[in-house]
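# Summary of the model geometry
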Amino acid sequence: MTPELNSRPVLPQGCRLNDKNQQPRVLHMPERALRLNGPSLEIIERCDGRHTVEQIIGELQQIYSKAEPRKVAEDILGYIARLHDQRALDFASGPAPERRQNEK
Amino acid sequence: MMIAVSTPLALIAELTHRCPLHCVYCSNPLELEHRAEELPTEVWSRVFGEAAQAGVLQADLTGGEPLARPDLVDLVKAARGAGLYVNLITSGLPLDEARLDALVEAGLDHMQLSFQGAEEGPANEICGTGAYAQKLRVLEWLGRRRVAVTLNFVIHRRNIDQLDRMLALGESSCAGRIEFANVQYYGWALANRERLLPTREQLERSVEFLKRAQERLRGKMSIEFVVPDYYAKFPKACMGGWGRKLILIGPGGDVLPCHAAQVIPNLRFDNVKDRSLREIWETSEAFQKFRGQEWMPEPCKSCDRREQDFGGCRCQAFLLTGDAAATDPVCSLSPQRSKVDIILAAVNGSAEESSARPNWVYRANPA
(Lines give C-alpha, C1' and ligand atoms only; values in the text may rest on other atoms or scores of the structure.)
Protein backbone atom coordinates (compact mmCIF):
# COMPACT_ATOMS: atom_id res chain seq x y z
CA MET A 1 0.00 0.00 0.00
CA THR A 2 1.32 3.46 -0.91
CA PRO A 3 0.31 6.13 1.60
CA GLU A 4 -1.87 8.99 0.32
CA LEU A 5 0.06 12.28 0.12
CA ASN A 6 -2.67 14.13 2.01
CA SER A 7 -3.00 11.53 4.78
CA ARG A 8 -1.63 12.35 8.23
CA PRO A 9 0.39 9.59 9.89
CA VAL A 10 0.13 9.29 13.63
CA LEU A 11 1.59 6.92 16.21
CA PRO A 12 -1.09 4.50 17.42
CA GLN A 13 -1.82 3.78 21.03
CA GLY A 14 1.11 1.96 22.59
CA CYS A 15 3.70 3.38 20.17
CA ARG A 16 5.77 6.32 21.35
CA LEU A 17 9.21 7.85 21.06
CA ASN A 18 11.41 7.61 24.11
CA ASP A 19 12.43 10.87 25.76
CA LYS A 20 14.62 13.36 23.91
CA ASN A 21 17.39 13.02 26.49
CA GLN A 22 17.60 9.22 26.15
CA GLN A 23 20.13 7.55 23.87
CA PRO A 24 19.71 5.78 21.57
CA ARG A 25 16.41 7.22 20.38
CA VAL A 26 13.86 4.47 19.83
CA LEU A 27 10.26 4.06 18.78
CA HIS A 28 8.64 1.91 21.44
CA MET A 29 6.00 -0.52 20.26
CA PRO A 30 4.19 -3.28 22.09
CA GLU A 31 6.74 -6.10 22.49
CA ARG A 32 9.52 -4.42 20.54
CA ALA A 33 11.42 -1.22 19.87
CA LEU A 34 12.82 0.27 16.70
CA ARG A 35 16.14 2.08 16.86
CA LEU A 36 15.95 5.38 14.97
CA ASN A 37 18.80 7.07 13.15
CA GLY A 38 18.79 10.57 11.61
CA PRO A 39 16.19 10.38 8.83
CA SER A 40 13.94 7.81 10.51
CA LEU A 41 13.82 9.95 13.65
CA GLU A 42 13.04 13.04 11.55
CA ILE A 43 10.13 11.17 9.96
CA ILE A 44 8.71 9.71 13.17
CA GLU A 45 8.92 13.05 14.98
CA ARG A 46 6.59 14.41 12.31
CA CYS A 47 4.07 11.55 12.56
CA ASP A 48 1.95 13.58 14.94
CA GLY A 49 -1.43 13.48 13.20
CA ARG A 50 -0.94 17.05 11.99
CA HIS A 51 1.75 16.76 9.29
CA THR A 52 0.55 15.30 5.98
CA VAL A 53 2.77 12.80 4.18
CA GLU A 54 3.39 15.53 1.60
CA GLN A 55 4.57 17.98 4.29
CA ILE A 56 6.87 15.37 5.83
CA ILE A 57 8.42 14.71 2.41
CA GLY A 58 8.83 18.45 1.79
CA GLU A 59 10.52 19.08 5.12
CA LEU A 60 12.91 16.15 4.78
CA GLN A 61 13.79 17.16 1.24
CA GLN A 62 14.89 20.47 2.76
CA ILE A 63 16.89 18.86 5.57
CA TYR A 64 18.52 16.39 3.18
CA SER A 65 18.87 18.85 0.33
CA LYS A 66 21.94 17.10 -1.05
CA ALA A 67 19.96 13.91 -1.70
CA GLU A 68 17.89 13.50 -4.82
CA PRO A 69 14.37 14.73 -3.94
CA ARG A 70 12.62 11.90 -5.77
CA LYS A 71 14.67 9.34 -3.86
CA VAL A 72 13.87 11.02 -0.53
CA ALA A 73 10.15 10.89 -1.36
CA GLU A 74 10.31 7.22 -2.34
CA ASP A 75 12.21 6.28 0.79
CA ILE A 76 9.73 8.07 3.03
CA LEU A 77 6.70 6.53 1.32
CA GLY A 78 8.28 3.08 1.64
CA TYR A 79 9.17 3.62 5.30
CA ILE A 80 5.70 4.84 6.21
CA ALA A 81 4.04 1.95 4.36
CA ARG A 82 6.27 -0.55 6.14
CA LEU A 83 5.57 0.89 9.57
CA HIS A 84 1.85 0.91 8.83
CA ASP A 85 1.98 -2.79 7.91
CA GLN A 86 3.66 -3.42 11.25
CA ARG A 87 0.99 -1.39 13.05
CA ALA A 88 3.55 1.15 14.18
CA LEU A 89 1.75 3.93 12.27
CA ASP A 90 -1.89 4.80 11.70
CA PHE A 91 -3.43 7.54 9.61
CA ALA A 92 -5.45 10.25 11.30
CA SER A 93 -8.87 11.00 9.86
CA GLY A 94 -10.94 14.17 9.95
CA PRO A 95 -9.51 17.57 10.89
CA ALA A 96 -6.09 17.61 12.57
CA PRO A 97 -6.84 16.25 16.06
CA GLU A 98 -5.28 17.36 19.32
CA ARG A 99 -5.42 13.99 21.05
CA ARG A 100 -6.63 10.66 19.79
CA GLN A 101 -8.94 8.36 21.67
CA ASN A 102 -8.28 4.66 21.84
CA GLU A 103 -9.97 3.46 18.68
CA LYS A 104 -12.42 0.63 18.43
CA MET B 1 38.24 -16.41 27.12
CA MET B 2 36.21 -13.20 27.34
CA ILE B 3 32.60 -13.50 26.29
CA ALA B 4 31.11 -10.41 24.65
CA VAL B 5 28.23 -9.05 26.72
CA SER B 6 25.41 -7.36 24.83
CA THR B 7 22.96 -4.79 26.14
CA PRO B 8 19.83 -6.17 27.82
CA LEU B 9 16.66 -4.96 26.11
CA ALA B 10 13.84 -5.98 28.40
CA LEU B 11 13.38 -6.62 32.08
CA ILE B 12 10.79 -9.19 33.06
CA ALA B 13 9.76 -8.29 36.59
CA GLU B 14 7.94 -11.09 38.39
CA LEU B 15 6.54 -8.84 41.09
CA THR B 16 4.88 -11.68 42.99
CA HIS B 17 4.05 -15.36 42.67
CA ARG B 18 0.65 -14.84 44.27
CA CYS B 19 -2.23 -15.23 41.82
CA PRO B 20 -6.00 -15.72 42.02
CA LEU B 21 -5.79 -18.13 39.07
CA HIS B 22 -4.47 -21.69 39.09
CA CYS B 23 -3.66 -22.23 35.42
CA VAL B 24 -2.54 -25.74 34.59
CA TYR B 25 0.28 -24.39 32.38
CA CYS B 26 1.56 -21.58 34.60
CA SER B 27 5.15 -20.59 33.71
CA ASN B 28 6.09 -19.94 37.33
CA PRO B 29 8.41 -22.43 39.00
CA LEU B 30 6.91 -25.30 40.97
CA GLU B 31 8.51 -23.83 44.10
CA LEU B 32 6.65 -20.56 44.47
CA GLU B 33 8.01 -17.68 46.55
CA HIS B 34 5.98 -16.34 49.46
CA ARG B 35 4.69 -12.83 50.05
CA ALA B 36 7.12 -12.23 52.90
CA GLU B 37 10.06 -12.67 50.51
CA GLU B 38 8.81 -10.11 47.94
CA LEU B 39 10.94 -7.05 47.19
CA PRO B 40 9.52 -3.80 48.56
CA THR B 41 8.54 -0.83 46.36
CA GLU B 42 11.84 1.03 46.94
CA VAL B 43 14.01 -1.85 45.75
CA TRP B 44 11.96 -2.34 42.60
CA SER B 45 12.13 1.42 41.94
CA ARG B 46 15.92 1.39 42.25
CA VAL B 47 16.12 -1.67 40.00
CA PHE B 48 14.04 0.03 37.27
CA GLY B 49 16.51 2.93 37.32
CA GLU B 50 19.48 0.56 37.14
CA ALA B 51 17.83 -1.32 34.29
CA ALA B 52 17.33 1.84 32.23
CA GLN B 53 20.95 2.81 32.93
CA ALA B 54 22.10 -0.58 31.67
CA GLY B 55 20.22 -0.05 28.39
CA VAL B 56 16.93 -1.81 29.10
CA LEU B 57 14.06 -0.30 27.08
CA GLN B 58 11.02 -2.14 28.37
CA ALA B 59 9.71 -3.42 31.68
CA ASP B 60 7.29 -6.35 31.57
CA LEU B 61 5.50 -6.31 34.90
CA THR B 62 4.23 -9.79 35.52
CA GLY B 63 3.85 -12.41 38.22
CA GLY B 64 2.00 -14.42 39.45
CA GLU B 65 -0.59 -11.75 39.12
CA PRO B 66 1.00 -8.28 39.33
CA LEU B 67 -2.35 -6.78 40.37
CA ALA B 68 -1.93 -8.68 43.64
CA ARG B 69 0.70 -6.08 44.58
CA PRO B 70 -1.02 -3.21 46.42
CA ASP B 71 1.78 -0.87 45.25
CA LEU B 72 1.40 -1.67 41.53
CA VAL B 73 0.46 1.92 40.59
CA ASP B 74 3.65 3.18 42.26
CA LEU B 75 5.70 0.53 40.50
CA VAL B 76 4.29 1.55 37.10
CA LYS B 77 5.10 5.16 37.94
CA ALA B 78 8.64 4.24 38.95
CA ALA B 79 9.30 2.20 35.81
CA ARG B 80 7.90 4.88 33.53
CA GLY B 81 9.77 7.56 35.45
CA ALA B 82 13.01 5.65 34.86
CA GLY B 83 12.36 5.98 31.12
CA LEU B 84 11.10 2.46 30.46
CA TYR B 85 8.21 1.38 28.26
CA VAL B 86 5.79 -0.21 30.70
CA ASN B 87 3.95 -3.38 29.83
CA LEU B 88 1.59 -5.07 32.27
CA ILE B 89 1.03 -8.80 31.80
CA THR B 90 -2.12 -9.65 33.68
CA SER B 91 -5.15 -11.88 34.06
CA GLY B 92 -7.29 -8.83 34.83
CA LEU B 93 -8.05 -9.95 38.39
CA PRO B 94 -8.49 -8.22 40.78
CA LEU B 95 -9.20 -4.94 39.00
CA ASP B 96 -11.83 -2.21 38.97
CA GLU B 97 -12.17 0.87 36.77
CA ALA B 98 -10.72 3.27 39.32
CA ARG B 99 -7.53 1.25 39.65
CA LEU B 100 -7.27 0.87 35.88
CA ASP B 101 -7.51 4.65 35.57
CA ALA B 102 -4.74 5.03 38.14
CA LEU B 103 -2.51 2.60 36.23
CA VAL B 104 -3.03 4.45 32.95
CA GLU B 105 -2.45 7.76 34.69
CA ALA B 106 0.78 6.38 36.17
CA GLY B 107 2.12 5.81 32.65
CA LEU B 108 1.14 2.29 31.66
CA ASP B 109 1.90 1.95 27.93
CA HIS B 110 0.56 -1.45 27.13
CA MET B 111 -1.50 -4.16 28.73
CA GLN B 112 -1.36 -7.80 27.83
CA LEU B 113 -4.57 -9.42 28.98
CA SER B 114 -4.55 -13.20 29.16
CA PHE B 115 -7.47 -15.39 28.14
CA GLN B 116 -7.75 -19.12 28.66
CA GLY B 117 -10.11 -19.42 25.69
CA ALA B 118 -13.23 -17.79 24.30
CA GLU B 119 -15.75 -20.05 26.01
CA GLU B 120 -16.52 -19.48 29.63
CA GLY B 121 -16.76 -23.08 30.90
CA PRO B 122 -13.57 -24.53 29.39
CA ALA B 123 -11.63 -21.31 30.08
CA ASN B 124 -12.58 -21.39 33.74
CA GLU B 125 -11.70 -25.07 33.95
CA ILE B 126 -8.13 -24.34 32.78
CA CYS B 127 -7.55 -21.57 35.33
CA GLY B 128 -9.49 -23.28 38.11
CA THR B 129 -11.35 -20.02 38.82
CA GLY B 130 -14.44 -18.18 37.57
CA ALA B 131 -12.30 -15.54 35.86
CA TYR B 132 -13.80 -15.29 32.38
CA ALA B 133 -16.59 -12.80 32.97
CA GLN B 134 -14.22 -10.39 34.71
CA LYS B 135 -11.79 -10.57 31.76
CA LEU B 136 -14.57 -9.53 29.38
CA ARG B 137 -15.37 -6.58 31.66
CA VAL B 138 -11.73 -5.50 31.76
CA LEU B 139 -11.53 -5.73 27.97
CA GLU B 140 -14.52 -3.44 27.65
CA TRP B 141 -13.03 -0.91 30.12
CA LEU B 142 -9.77 -0.91 28.19
CA GLY B 143 -11.59 0.16 25.02
CA ARG B 144 -12.44 3.44 26.69
CA ARG B 145 -8.90 4.20 27.86
CA ARG B 146 -5.64 5.42 26.38
CA VAL B 147 -3.58 2.28 26.59
CA ALA B 148 -2.51 -0.27 23.98
CA VAL B 149 -3.93 -3.77 24.37
CA THR B 150 -2.74 -7.24 23.40
CA LEU B 151 -4.90 -10.28 24.00
CA ASN B 152 -2.92 -13.34 24.88
CA PHE B 153 -4.57 -16.71 24.32
CA VAL B 154 -2.62 -19.65 25.65
CA ILE B 155 -3.20 -22.53 23.23
CA HIS B 156 -3.25 -26.25 23.89
CA ARG B 157 -4.95 -29.45 22.83
CA ARG B 158 -8.29 -28.60 24.43
CA ASN B 159 -8.80 -25.14 22.93
CA ILE B 160 -6.74 -25.18 19.70
CA ASP B 161 -9.86 -26.03 17.67
CA GLN B 162 -11.59 -22.85 18.87
CA LEU B 163 -9.19 -20.27 17.42
CA ASP B 164 -12.00 -18.82 15.31
CA ARG B 165 -13.95 -17.84 18.43
CA MET B 166 -10.86 -16.35 20.05
CA LEU B 167 -10.08 -14.36 16.93
CA ALA B 168 -13.68 -13.10 16.80
CA LEU B 169 -13.43 -11.96 20.42
CA GLY B 170 -10.18 -10.15 19.62
CA GLU B 171 -11.55 -8.51 16.49
CA SER B 172 -14.61 -7.23 18.31
CA SER B 173 -12.38 -5.61 20.96
CA CYS B 174 -9.98 -2.68 21.24
CA ALA B 175 -6.91 -4.93 20.97
CA GLY B 176 -4.27 -4.06 18.40
CA ARG B 177 -2.48 -7.37 18.77
CA ILE B 178 -3.46 -10.93 19.50
CA GLU B 179 -1.00 -13.57 20.58
CA PHE B 180 -1.84 -17.22 20.14
CA ALA B 181 0.87 -18.76 22.24
CA ASN B 182 1.06 -22.51 22.48
CA VAL B 183 1.99 -23.80 25.88
CA GLN B 184 5.73 -24.41 26.37
CA TYR B 185 6.54 -27.33 28.59
CA TYR B 186 8.17 -26.25 31.83
CA GLY B 187 6.98 -26.20 35.43
CA TRP B 188 3.24 -26.70 35.80
CA ALA B 189 2.77 -27.21 32.06
CA LEU B 190 5.26 -30.07 32.10
CA ALA B 191 3.23 -31.71 34.86
CA ASN B 192 0.17 -31.53 32.57
CA ARG B 193 1.97 -32.07 29.26
CA GLU B 194 0.20 -35.21 28.04
CA ARG B 195 -3.16 -33.48 28.51
CA LEU B 196 -2.06 -30.22 26.84
CA LEU B 197 0.01 -31.11 23.77
CA PRO B 198 -2.06 -30.75 20.59
CA THR B 199 -1.95 -33.39 17.88
CA ARG B 200 -0.01 -32.72 14.68
CA GLU B 201 -3.27 -32.52 12.74
CA GLN B 202 -4.67 -29.92 15.15
CA LEU B 203 -1.49 -27.90 14.90
CA GLU B 204 -1.42 -27.92 11.09
CA ARG B 205 -5.05 -26.79 10.92
CA SER B 206 -4.38 -23.98 13.37
CA VAL B 207 -1.32 -22.73 11.47
CA GLU B 208 -3.37 -22.59 8.25
CA PHE B 209 -6.15 -20.70 10.00
CA LEU B 210 -3.82 -18.14 11.56
CA LYS B 211 -1.87 -17.55 8.33
CA ARG B 212 -5.14 -16.63 6.63
CA ALA B 213 -6.06 -14.36 9.55
CA GLN B 214 -2.68 -12.62 9.42
CA GLU B 215 -3.13 -11.98 5.71
CA ARG B 216 -6.67 -10.65 6.10
CA LEU B 217 -5.83 -8.38 9.05
CA ARG B 218 -2.50 -7.01 7.82
CA GLY B 219 -2.14 -3.37 8.85
CA LYS B 220 -5.27 -3.58 11.06
CA MET B 221 -4.27 -5.99 13.77
CA SER B 222 -1.15 -8.01 14.33
CA ILE B 223 -1.49 -11.72 14.94
CA GLU B 224 1.42 -13.49 16.63
CA PHE B 225 1.64 -17.24 16.78
CA VAL B 226 3.93 -19.41 18.88
CA VAL B 227 3.99 -23.12 18.00
CA PRO B 228 4.74 -25.84 20.52
CA ASP B 229 8.44 -26.37 19.89
CA TYR B 230 8.16 -30.16 20.29
CA TYR B 231 6.78 -30.10 16.73
CA ALA B 232 9.46 -27.80 15.35
CA LYS B 233 12.35 -28.87 13.16
CA PHE B 234 14.73 -26.48 14.86
CA PRO B 235 14.63 -25.14 18.42
CA LYS B 236 13.40 -21.70 19.43
CA ALA B 237 15.95 -18.99 20.13
CA CYS B 238 14.93 -19.22 23.77
CA MET B 239 14.87 -15.72 25.37
CA GLY B 240 16.70 -14.49 22.24
CA GLY B 241 19.76 -16.34 23.50
CA TRP B 242 20.89 -16.91 27.08
CA GLY B 243 21.99 -13.64 28.67
CA ARG B 244 21.73 -11.75 25.38
CA LYS B 245 18.56 -9.68 25.57
CA LEU B 246 16.42 -10.44 28.59
CA ILE B 247 16.70 -10.27 32.34
CA LEU B 248 14.15 -11.84 34.64
CA ILE B 249 13.91 -10.84 38.28
CA GLY B 250 11.91 -13.06 40.60
CA PRO B 251 9.69 -11.79 43.43
CA GLY B 252 12.51 -12.01 45.96
CA GLY B 253 15.11 -10.31 43.77
CA ASP B 254 16.99 -13.26 42.26
CA VAL B 255 18.17 -12.36 38.76
CA LEU B 256 17.61 -15.11 36.18
CA PRO B 257 18.31 -15.53 32.47
CA CYS B 258 14.81 -17.01 31.96
CA HIS B 259 11.58 -18.10 33.65
CA ALA B 260 12.67 -21.66 34.32
CA ALA B 261 16.41 -21.35 35.01
CA GLN B 262 15.96 -22.52 38.60
CA VAL B 263 15.42 -26.08 37.36
CA ILE B 264 19.06 -26.25 36.28
CA PRO B 265 21.08 -27.77 39.13
CA ASN B 266 24.07 -25.93 40.63
CA LEU B 267 23.31 -22.65 38.90
CA ARG B 268 23.93 -19.80 41.35
CA PHE B 269 21.81 -16.66 41.03
CA ASP B 270 22.71 -13.20 42.28
CA ASN B 271 20.17 -10.98 43.99
CA VAL B 272 19.44 -7.29 43.32
CA LYS B 273 19.55 -6.70 47.08
CA ASP B 274 23.29 -7.45 47.02
CA ARG B 275 24.66 -6.13 43.71
CA SER B 276 23.74 -3.69 40.97
CA LEU B 277 21.80 -5.00 38.01
CA ARG B 278 24.55 -4.12 35.54
CA GLU B 279 27.14 -5.97 37.58
CA ILE B 280 24.87 -9.01 37.76
CA TRP B 281 24.12 -8.87 34.05
CA GLU B 282 27.79 -8.66 33.13
CA THR B 283 29.41 -11.02 35.60
CA SER B 284 26.85 -13.24 37.33
CA GLU B 285 27.77 -16.91 37.11
CA ALA B 286 24.26 -17.84 35.99
CA PHE B 287 24.39 -15.43 33.04
CA GLN B 288 27.94 -16.34 32.02
CA LYS B 289 27.31 -20.06 32.12
CA PHE B 290 25.62 -20.39 28.70
CA ARG B 291 26.57 -17.09 27.09
CA GLY B 292 28.36 -17.19 23.75
CA GLN B 293 29.31 -20.49 22.12
CA GLU B 294 32.07 -21.90 24.32
CA TRP B 295 29.68 -24.18 26.20
CA MET B 296 28.12 -25.65 23.06
CA PRO B 297 28.38 -29.35 22.24
CA GLU B 298 28.20 -30.77 18.73
CA PRO B 299 26.13 -30.59 16.58
CA CYS B 300 25.57 -26.97 17.78
CA LYS B 301 29.21 -25.91 17.86
CA SER B 302 29.69 -26.22 14.11
CA CYS B 303 26.06 -25.64 13.10
CA ASP B 304 25.13 -22.84 10.67
CA ARG B 305 22.16 -21.98 12.87
CA ARG B 306 24.08 -21.44 16.11
CA GLU B 307 23.75 -17.65 15.79
CA GLN B 308 20.02 -18.02 15.09
CA ASP B 309 18.82 -20.33 17.83
CA PHE B 310 21.82 -20.37 20.20
CA GLY B 311 21.42 -24.08 20.75
CA GLY B 312 17.78 -23.71 21.83
CA CYS B 313 16.56 -23.83 25.41
CA ARG B 314 18.89 -24.84 28.28
CA CYS B 315 16.05 -25.64 30.65
CA GLN B 316 14.33 -27.87 28.11
CA ALA B 317 17.65 -29.62 27.44
CA PHE B 318 17.95 -30.34 31.14
CA LEU B 319 14.32 -31.36 31.64
CA LEU B 320 14.30 -33.80 28.73
CA THR B 321 17.89 -35.12 28.71
CA GLY B 322 19.21 -34.45 32.20
CA ASP B 323 22.04 -32.32 30.77
CA ALA B 324 21.58 -28.53 30.61
CA ALA B 325 24.47 -28.21 28.15
CA ALA B 326 23.01 -30.68 25.62
CA THR B 327 21.59 -29.58 22.29
CA ASP B 328 17.91 -28.78 22.79
CA PRO B 329 16.37 -32.19 22.03
CA VAL B 330 13.53 -30.67 19.96
CA CYS B 331 16.18 -29.98 17.29
CA SER B 332 15.98 -32.49 14.44
CA LEU B 333 19.80 -32.58 14.50
CA SER B 334 19.95 -33.50 18.20
CA PRO B 335 21.18 -37.04 18.88
CA GLN B 336 18.42 -37.17 21.54
CA ARG B 337 15.51 -36.07 19.33
CA SER B 338 13.92 -39.49 19.84
CA LYS B 339 13.04 -38.42 23.41
CA VAL B 340 10.67 -35.83 21.93
CA ASP B 341 9.39 -38.13 19.19
CA ILE B 342 8.31 -40.70 21.77
CA ILE B 343 6.22 -38.06 23.54
CA LEU B 344 4.67 -36.93 20.25
CA ALA B 345 3.94 -40.51 19.20
CA ALA B 346 2.02 -41.07 22.42
CA VAL B 347 -0.04 -37.91 21.89
CA ASN B 348 -0.73 -38.61 18.21
CA GLY B 349 -1.26 -42.34 18.53
CA SER B 350 -3.94 -42.29 21.22
CA ALA B 351 -7.48 -43.21 20.23
CA GLU B 352 -10.47 -40.85 20.37
CA GLU B 353 -9.94 -37.85 22.61
CA SER B 354 -11.90 -38.40 25.77
CA SER B 355 -14.31 -35.61 26.55
CA ALA B 356 -14.03 -36.36 30.24
CA ARG B 357 -12.39 -33.75 32.36
CA PRO B 358 -8.68 -34.57 32.67
CA ASN B 359 -7.04 -35.05 36.00
CA TRP B 360 -5.37 -31.61 35.99
CA VAL B 361 -2.50 -30.61 38.24
CA TYR B 362 -3.52 -27.08 39.22
CA ARG B 363 -0.98 -24.41 40.07
CA ALA B 364 -0.77 -23.82 43.79
CA ASN B 365 -0.93 -20.41 45.44
CA PRO B 366 1.83 -19.31 47.83
CA ALA B 367 1.09 -17.79 51.18
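Heads up: the structure comes first, above all this text.
To keep things clear, this report deals only with the structure shown in the data block. Note that this is a predicted model, so its numbers are computed, not measured.

### Notes on the overall build of chain A
Of regular secondary structure, chain A possesses three helices and five strands. Starting at the N terminus, the α and β elements of chain A follow one another as β-β-β-β-α-α-α-β. For chain A, buried positions account for 27% of its 104 residues.

### Remarks on the sheet that holds strand β3 (residues 26-29) of chain A
Strands sit in the order β2-β3-β4 (chain A) across an open sheet of three strands; the sheet is antiparallel. A single partner strand is all that each edge strand has here, and the edge strands are β2 (16-17) and β4 (32-35) of chain A.

### Here we look at the nonpolar core
Core analysis: the largest hydrophobic core is formed by 122 residues, its most contacted members being L11, Y25, F48, A51, A59, L84 and V86 of chain B. Setting aside its immediate chain neighbours within four residues, A59 of chain B contacts L11, A13, F48, A51, A79, L84, V86 and N87 of chain B.

### Examining the interface of chain A and chain B
Taken together, the contact pairs 16 residues of chain A with 18 residues of chain B. Breaking the side of chain A that touches chain B down by element, the ones donating at least two residues are β3 and α3 (69-85) of chain A. Residue classes in the side of chain A that touches chain B are distributed as four nonpolar, seven polar and five charged.

### Quick notes on the packing of helix α1 (residues 41-53) of chain B against helix α2 (residues 72-81) of chain B
Residue and element names in this part refer to chain B. Running from N to C, α1 and α2 point in directions that differ by 20°, and their axes come no closer than 8 Å. One way to sum up the angle between α1 and α2 is to call them roughly parallel. The chirality of how α1 crosses α2 is right-handed. Contact residues: α1 offers T41, W44, S45 and F48, while α2 offers D74, L75, A78 and A79. Looking at the contact of α1 with α2 residue by residue, the class counts come to five nonpolar, two polar and one charged.

Reading the values: rules and limits
Residues numbered from 1 in each chain as written. Chains lettered and ligands numbered in written order. Predicted model: local features only at pLDDT ≥ 70, side-chain atom pairs only at ≥ 80, totals over all residues. Helix = DSSP H or I, 4+ residues; strand = E, 2+ residues; numbered from the N terminus. Buried ≥ 20, exposed ≤ 12 C-beta atoms within 10 Å, placed from the backbone. Pairing = 2+ DSSP bridges. Core = buried A, V, L, I, M, F, W, Y, C linked by C-beta atoms within 7 Å. Contact = placed C-beta atoms within 7 Å. Nonpolar A, V, L, I, M, F, W, Y, C, P; charged D, E, K, R; others polar. Axes fitted to C-alpha atoms, helices over the stretch in contact; angles between N-to-C directions. Parallel < 35°, antiparallel > 145°, perpendicular 65-115°, else oblique. Left-handed = near helix turned anticlockwise from the far one by under 90°.

Worth remembering: the numbers are spatial, not functional.
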